[in-house]
Each structure stands twice: as structure tokens, then as C-alpha cells.
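Descriptive structure summary
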Amino acid sequence: MLYTAQSAPYIQAPITGIPFATTTHLQLTTMDTSSSNAAEGYRFTESQDWFSHNVGHWRSLFSNVTTSSFTAGNGARVLEIGSWEGRSAVFLCTELLNLSRCRNVAEVDGANSTGSPNNLIERGNKGEIVCVDHFDLFGTKEGRERYERLRHNLELTGETFRIIPEFSFTALTKLLDEAVAADGLAAVGSKVMEQGFDWVYVDGSHRSDDTFLDGEMAWRLTRKGGLVIFDDYLWEVEPQTSILHPKRGIDAFLALHFGEYERLSAKKGVEGEGREYQVVLRKTVDMRLGYLLPVSATVASASVPSLPRREGLPGAFEYGVNVGVTADSAFAMPLAVLLMSLLDHTPGRISIYLLDCGLTALDRERLHLTVSHRADTVTLNIIPLDAAGSLTTELGGPVWAKIDLACLAPLERMLYLDADTLVRRDVRPLWNTDLEGCAVGAALDVGHPLGHSGIPANGGKYFNAGVLLMDLAKMRLGGGMDSLKNRCREMKGSGYADQDALNVHFAGEWKEINLKWNAQGLGTYAQSDGAGRHWVDKGALVDPGIVHFTGPVHPALNIVLNPWVQPYTAKPWGYAGAPGHPFAEEWFGLLRRTAYLGYFEGEWREVCDGARERMVVEAGEKFDAAIARALGE
């Protein structure tokens, strides 16, 4: 039985409660495709065959579709912008749509009862093609005839199709709206069809600006691993420099989305690049719709009680997280591990601001490589150190660099992370913390909750400066940064340097954040008792969101041998490791994924061997000096 569409379009609402575009949509359940009359029944204008010469090339591209849906055995979802009478659409319906669903029984069962190698079975969801063309908005005889031919030809394929008889801008807008609405419904548990397309063919308007817009909107609807084909790149009717030629629009699209695709038609540096008539791209990044729909009365009906208001908003509204870090070459390796952990656990847009305190060119290259797999959502901005006005230079060390970064970062709010931290959870909840009017948010210092003898006692809590949520706009009010820098100069000899200066400067005016965002002393002193330890929430340290590897990189011999604090406190990558630390192996697991693994196993091991020998020599010298003093020598 063949179900046919009516001549007039009708409203199709595939997602409950959402009114959608005026479309023609047809589900063909059965059809005798073995009839020799099927092919003869297609209605094409013989003089308007602009497609058939592409058949061999397109067949060779099918294996390049690597979307998760298609490779899992579902039919392909195809979007065609500019269908005319449907030559390319018919080809895709008959050869691509359900290609991945057809499998020889022998492939599945190992054999079949008939022994026929052509005995096929189907699996997964059926494919679908969506055809966009304005058909002169049915205002001309020619437009109406093209629409009827397309509809007729698609019916003959026996496949699922949908025609949107509109200009591409409104049609693609509606497809995007459908995808956004479907995402919202899926978020509240409704069962909806997976959105996006596996194959997109852009062959609509030849104007550069229209081609660019078609490509941009369709790109948002293309699944990762899907193919996008731009036609007429070398069209000869108009000059390639003209706005009436698609090439400028395609080139602009390629430049804008550089790094988000693999160019299959002519890879860079290969003979033929830039001379292909069709530009074929495989998308290498996830779909990004980029917006939300207002919750209408229809959506908020009984069928959809409410849509989530917070979930998904950061990505849609482009609310990113600004992360500040500092490093010299000595801390470039742990910084790479930190960045890898941050990107693993925090989705969405992240802007990283790194104050360069002495990195090598190779360090900068490796750090950029570390974040390159998230190039569509993550940027690494390296800020050079201004030696003339920096505390790092003036006071003699990168320990003061976080203050310099707070002065230089072009931001109003920043989450600062020490390079010796490890992110284990999405940091967005921390980023969204209400500072309640304070300039700084920080966690209690587990080792010194009441501070120490080196700073003025005020009876209050003392925070750790390894993780700081900074309201930079507030910190800079009324010369605040100059005042903070002067405080640092006054306390340059304090035991914990920048941390002491920050505690004194913001005494009583900082917001305490949960220790799960700065878990210190794990495996060593975190579980100890002492003054102020009643404030330590030990439960927050069990499965923390951010681990802080406190202690020295290369501990002195007296620290390693101290019988009162065992296991000793040190960082995992130092010569002595971090025995007993519950997350040391997690740190090494991330290191193996960075560009620093070879450095760690080679040059860094030599550094560690030298540090170990140096600590033994220094301990011996101190031992001899102590004996000499005791004997009055």
C-alpha cells in the first residue's frame, strides 16, 4: 500500500506540543521497487540534469559518514538545500538513506537458511530526507510544476521524505527551532527523534552571502562526523570575485570554521586544492545549535509541564568560565595536566588566561596542543609578563604571579587555579557561586585554619590561595589593586608570601567556599587534629571537585624522614612522589595524555635524580653544621 501526500502542504508537528513549519511530509510504508516501471516513472526534465555526473563521486563518499547514529545502523538523515526536481534527492533516497540499515544475514547470524549472499535484513531507524526549495512560492506555473515533479519522484523511491517549500532562511530557521525544541523536550524526559543530519547538500542560491548563510545554518544542524557538500565552487556563469558567485561565501565559511572539519574534496597541500567543483567537508566537532526558544503557552501545556530553565543555558547563552593560571617553565608540565583535567570535566565555553612567567616556546606549543581538542569551545590566551611593573619581577618569584594576573587579565570575574591543582568535577557550580559582595571566594587552609605565627592574629579563619574566585571589578575599585600590591611589598618576607598578603588584605571580607573545591593535604595531614581543625569539613575531602597537591615538588630530607607526619607531603611529579595520596595516580593518568609524557620520562627524570642527590648533600651539610654548633666548633 502506498500512501500519497495531498497536493497542498499541511502542518506537521512531529514533536508533541510544538507547532512547526508548513511542510509536505510523507511516510511510505511499502512499495514494489522491483517493478521496471519505477525508474521509468520518474519525471525529470532531460535538459536540466546538473547532477548525474556526480553519482560515482558521491558513492565513494558514503563510507566517510561517521556519525554515531549512522555507524550504529540507523538510516541517514539528509538535508538538501535546493532540490529542483529531485535528481540528487532520488539518488540519496535510493542509495544512502538506508544503506547502514541493510546487512547481510550472514554478517549477523554467521549463516542463513537459504545460503543466499543477498538475503538482507534491516535494523535501526529508517532514514529521512528533508528537501528545501522555494518553488517560486507557488506563484509561477514553473514553480508549481517543479514541486509536483519533486513530490512525485520522491514518492516513487518509497522512502520517508519531507518537503519545505520555502526560502532556505525561513526553512532552516524552522529546522533549527525544531531541533532546539526537541532538545528541551528530551531534557524533561520526552522521547523525541535524535536531531541533526548525517549528509547536507548546499545547492541553493548562488549569491556569496546566501551561500554563506545556508552553510552556517546547516552547519549547526550537521552531526559530528556528518558530511556537508557545497556545490558550484567553480561555477563559470559569474566571476568568482562577484557577490553573485558562491565561492566567496564558501571561502568565508571555510575560514570561519577552520579547525572544525576535514576537507575531503581536496586536502590542504594536495594537488587540486581550491580547484574542486564541489567542496566536501566532514564535520569534526559536536553539534551546536547555539540558542533556546522562549517557553510558549503551547510548550508549557499539560503535555510538557515545564522546560528546564538552567540546564543548557550556559551553552546556549555563551556564558563561559574565565580561568586564570600562571606558570614558568618549571610548572608548565603540571599546568598541562591541570588544563587537561579542566577540559575533561567542564563542558561549554572556557576562556583560559595564562600569565607567562618564563615559559619556553616549546612549553607554549605543548600547552596550546593540550587544549586543541576543544578548539571549538576553549581558548588559551597567553599574557606576557610586564617585567617593568610586575610583582613577580620586583619581589623575585612567580609565587606573586596571581596578583600580577589579577591586574592584567581583561576580565571582571576570574577563577584562579594554581598549577598544582587537579580538576575532577565541572567547575561551573563553583564559578556560579554568589560571593555576596565579597571580592574573593576561597576555601579554608586545612594545614593552618587559624593562620600561623608569621601573620597578625585576628581570631578569624585563614584561607588557602590555591583556588580563588575573584571579583576583579570589585578588587580594582578605588585603587584596590595598588593597595593590594603595596600589601604584598610589605609582606614579601612572610612565610607563605602571597597567601599571607591576601589573607591580611581581605581579612573578614572573603567568602568561604566548600573544601571540595580546594582539597588539601589528602593522604597526609588532612585527617589530623589540631587548633581550628573543627572547621575542616572532612567529608568534603572524600570525593573532591578540585584536588590541591600541597607541599614541595622536591621535599628536603627532614620532611621525608619526619616520623610525626607520614606519609610526607609532596607533589606527585617530584623525586619523592606523593605516597599515600589518593589522587596521585589520577594525575599520572592525565599526564600520559599530554605532550609532556616524553619530557617526564626523559629530561624530567634527570632533574629529579639531581634534586634527590642535592637533598642528600644539603641534609649532610646541615647535619655537620648542627654537630659543629653543638660541640662549639
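Residues numbered from 1 in each chain as written. Predicted model: local features only at pLDDT ≥ 70, side-chain atom pairs only at ≥ 80, totals over all residues. Heavy atoms only, no water.

For the record, the criterion: UniProt positions are given in the numbering used here, feature names are shortened, and annotations may be inferred rather than shown by experiment.
Under an unreviewed UniProt entry, the protein has the name Glycosyl transferase and belongs to Ephemerocybe angulata. The UniProt entry for the protein carries this comment under Sequence similarities (unreviewed entry): "Belongs to the glycosyltransferase 8 family."

**Some words on the pairing of strand β14 (residues 378-384)**
Side chains on a regular strand alternate between the two faces of the sheet. Heads up, the condition is: Here the rule is simple: two strands pair whenever DSSP picks up at least two bridges between them. Secondary structure elements are taken from DSSP: a helix is a run of H or I of four residues or more, a strand is a run of E of two residues or more, and numbering for both begins at the N terminus. A clockwise course of the path from the first strand over the helix to the second, judged with the strands pointing away from the viewer, identifies a crossover as right-handed.
Relative to β14, strand β13 (residues 350-356) is paired through seven bridges, and the arrangement is parallel. Looking at the pairing, serine 351 lines up with threonine 379 of β14. Considered for its hand, the β-α-β crossover made up of β13, helix α12 (residues 361-371) and β14 is right-handed.

**Side note on the layout of surface pockets**
Over the atoms, a rolling probe the size of a water molecule traces out where space has been left empty. Quick note on the threshold: A pocket here means an open set of points on a 1 Å grid, computed over the protein atoms alone, that has protein on both sides within 12 Å along at least five of seven lines. A cavity is instead a set of points where a 1.4 Å probe fits but cannot get out; residues with an atom within 4 Å of a point line either one. Grid points are joined across faces, edges and corners, and a volume is the space filled by probe spheres set on the points. Residue polarity is assigned by list, with Asp, Glu, Lys and Arg as charged and Ala, Val, Leu, Ile, Met, Phe, Trp, Tyr, Cys and Pro as nonpolar; anything else, Gly included, falls into the polar class.
The computed volume of the second largest pocket comes to approximately 1,000 Å³. Lining the second largest pocket are 37 residues, and of these Asp418, Asp420, His548, Gly551 and Lys571 lie nearest its centre. Looking at side-chain class alone, the lining of the second largest pocket contains 16 nonpolar, 13 polar and eight charged residues.

**Considerations on the packing of helix α11 (residues 332-345) against α12**
Using the following cut-off: Comment: axis = line fitted to C-alpha atoms, over the contacting stretch for helices; angle = value between 0 and 180 degrees taken between N-to-C directions. Orientation categories follow fixed angle ranges, with anything under 35 degrees roughly parallel, anything over 145 roughly antiparallel, 65 to 115 roughly perpendicular, and all other angles oblique. For any pair of crossing helices, the crossing counts as left-handed if the nearer helix is rotated counterclockwise from the farther one by less than a right angle, and right-handed if it is rotated clockwise. Contacts: residue pairs with any heavy atoms within 4.5 Å of one another.
Where α11 contacts α12, the two axes come as close as 9 Å, and the packing angle between them is 15°. In this view, α11 runs roughly parallel relative to α12, as classed from their interaxial angle. Both α11 and α12 take part in a crossing whose hand is right-handed. Note on element contacts: α12 touches α11 through Asp363, Leu367, Thr370 and Val371, opposite Ala332, Leu335, Ala336, Leu339, Met340 and Leu343.

**Examining the sheet that holds β14**
Taking strand neighbours across the sheet as the criterion, the seven strands line up as β14-β13-β12-β15-β18-β17-β19 in an open arrangement whose pairing is mixed. The open sheet is flanked by β14 and β19 (510-512), the only strands paired with a single partner. With strand direction ignored, the average angle separating the axes of adjacent strands in the sheet is 30°. Relative to β19, strand β17 (residues 440-444) runs parallel, the two sharing three bridges. Bridge pairing links alanine 442 to glutamate 512 in β19. Packed on one face of the sheet, α11 meets β12 (321-327), β13, β14 and β15 (413-417) and runs near 170° to β13.

**As for a nonpolar patch on the surface**
Selection criterion: In this scheme, patches are assembled from residues that exceed 30% relative accessible area and form no salt bridge. Like charges are connected within 9 Å, while nonpolar side chains (Val, Leu, Ile, Met, Phe, Trp, Tyr) are connected within 5 Å. Here the accessible surface of atoms and residues is derived via Shrake-Rupley with a 1.4 Å probe, and residues count as covered only by protein chains that are part of the display. Here, a salt bridge means any side-chain nitrogen of Lys or Arg that lies within 4 Å of a carboxyl oxygen of Asp or Glu.
A cluster of nonpolar side chains, Phe623, Ile627 and Leu631, forms an exposed patch at the surface whose accessible area comes to about 320 Å². Relative to the helices and strands, isoleucine 627 is located in helix α21 (residues 597-630).

**Quick look at the side chain of aspartate 404**
Formally: A 3.5 Å cut-off defines polar contacts: any pair of N or O atoms within that distance qualifies, except that in protein one atom must be a possible hydrogen donor and the other a possible acceptor, and neighbouring residues in sequence count only when both atoms are side-chain atoms.
Locating aspartate 404 in the fold gives a position in helix α14 (residues 401-408). A polar contact of 2.6 Å, which involves the side chain of aspartate 404, links it to the side chain of threonine 392. Among residues more than four places away in sequence, those in contact with aspartate 404 are Leu355, Leu385, Gly389, Ser390, Leu391 and Thr392.

**Description of helix α20 (residues 584-591)**
Heads up, the rule is: When a residue's accessible area, from a 1.4 Å probe over protein chains only, is under 20% of the maximum for its type it is buried; when over 50% it is exposed; and in between it is partly exposed. Think of the arc as the fan of directions from the helix axis to the C-beta atoms.
Regarding α20, the residues found buried are Ala584, Trp587, Phe588, Leu590 and Leu591. Here the buried residues of α20 occupy an arc of 160° about the axis, which is enough to place them on one side. Those residues of α20 that are buried lie in contact with α11, β16 (421-423) and α21.

**Digging into the packing of aromatic side chains**
Going by this rule: Aromatic rings from Phe, Tyr and Trp, taking only the six-membered ring of Trp, are treated as a pair when their centres fall within 6.5 Å; an angle between ring planes under 30 degrees marks them as stacked, one over 60 as edge-to-face, and anything in between as tilted. Geometrically, a lysine NZ or arginine CZ counts as sitting over a ring once it is within 6 Å of the ring centre and also within 35 degrees of the ring normal.
For the structure shown, the criterion picks out 21 aromatic pairs. Counting every residue linked through ring pairs, the aromatic cluster contains Phe51, Trp58, Phe62, Phe91, Trp199 and Tyr201. In this structure, arginine 77 is placed above the aromatic ring of phenylalanine 197, and the distance from its NZ or CZ to the ring centre is 4.3 Å. Between arginine 146 and the ring centre of tryptophan 84, over which it is positioned, the NZ or CZ distance is 4.1 Å.

**Quick notes on helix α17 (residues 480-490)**
Every buried residue of α17 is listed here: Gly480, Met481, Leu484, Lys485 and Cys488. Angularly, the buried residues of α17 cover 135° about the axis, an arc narrow enough to put them on a single face. Exposed and oriented more than 90 degrees from the buried face of α17 are Asp482 and Glu490. Where α17 is buried, its residues touch α13 (391-394), α14, α16 (472-475) and α18 (497-505).

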